[in-house]
Amino acid sequence: MQTPQFTACLRYVSEGMIASEPRLTALDQVIGDGDHGIGIKRGFTALHTLLSSAEFAPADIGECLLQSGTRLMTSMGGASGAIFGTLFRAGGKALAGREQFDAATLAEWLEIGMTAIHQRGGAEPGDKTMVDALAAAALQAKADAALPLPMALAHCAHAAMAGAEGTSKMIARFGRAKNLGERAIGHCDPGAVSMAFILQFMSEFANQA
């Protein structure tokens, strides 16, 4: 994808995330504060507004990610805003000047984003957070770095959802779910599902006929 197409891809992702609010809210009502879906909708609505603006014309992939991350961070609020904002902003800084988003770039972005999120909050795979979906996706993307982007994204989205579903077997070590102990078992982490959705919508966009 060239930069304009990548911008359109993130706009498609935003629309999908906004529509996912009821499912994410329902998940968070079980093990969290119940506001994750509302925060996601607020953040991605603000991002959609940015990406749809006639004035928004990023010079490259890095600038598009950086500005998107800043918009998510300032509008979503709470831990989710910090985490998802970091994912986009860290990638934006690392991919400055990059004019094409391919499978290798996808792998680079996810790896960089995962490192930045770990540095920010300390979460690791197995902690029942969005990192469980992100780590699975990053590992898959690294293996698929030489594939065509639509195929790599499809594999990546599948791995991320498997990672998110795997959180249902975990005891949380972060957030309100941490206080539930074993009662959180049987329920997926909403942030992990959100991460999987982002990649699912990217895959849908890339694989459109």
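Residues numbered from 1 in each chain as written. Predicted model: local features only at pLDDT ≥ 70, side-chain atom pairs only at ≥ 80, totals over all residues. Heavy atoms only, no water.

If you look the chain up in an unreviewed UniProt entry, it shows as PTS-dependent dihydroxyacetone kinase, ADP-binding subunit dhaL from Kluyvera cryocrescens.

Draft legend 1. Examining helix α8 (residues 149-166) more closely. With 18 residues, α8 extends 25 Å from end C-alpha to end C-alpha; this agrees with the ideal 26 Å at 1.5 Å per step. Looking at the packing, one finds that the buried side of α8 touches α6 (103-121), α7 (130-143) and α9 (190-206). (Helix = DSSP H or I, 4+ residues; strand = E, 2+ residues; numbered from the N terminus. Expected span 1.5 Å × (residues − 1). Contact = heavy atoms within 4.5 Å.)

Draft legend 2. Spotlight on the nonpolar core. Of all hydrophobic cores here, the largest spans 60 residues; its most connected members are Leu-106, Trp-109, Leu-110, Leu-199 and Met-202. Listing elements by their share of this core, those giving two or more residues are α1 (3-19), α3 (36-52), α4 (61-76), α5 (78-94), α6, α7, α8 and α9. When residues of this core are assigned to their parent elements, the largest contribution, 11 residues, is made by α9. (Core = buried A, V, L, I, M, F, W, Y, C linked by side-chain atoms within 4.5 Å. Buried < 20%, exposed > 50% of the residue type's maximum accessible area, 1.4 Å probe, protein only.)

Draft legend 3. Here's a closer look at unusual backbone geometry. The backbone phi angle of Lys-128 is positive, close to 65°, even though this residue is not glycine. Structurally, Lys-128 can be placed in the loop between α6 and α7. Residue Lys-128 is classed as buried on the basis of its relative accessible area, which comes to 2%.

Draft legend 4. Local environment of α5. Compared with the 24 Å implied by 1.5 Å per residue over 17 residues, the 24 Å span of α5 between its first and last C-alpha is a close match. Buried residues of α5: Ser-80, Gly-81, Ala-82, Phe-84, Gly-85, Thr-86, Leu-87, Phe-88, Ala-90, Gly-91 and Gly-92, and no others. For α5, the secondary structure elements touched by its buried residues are α1, α3, α4, α6, α7 and α9.

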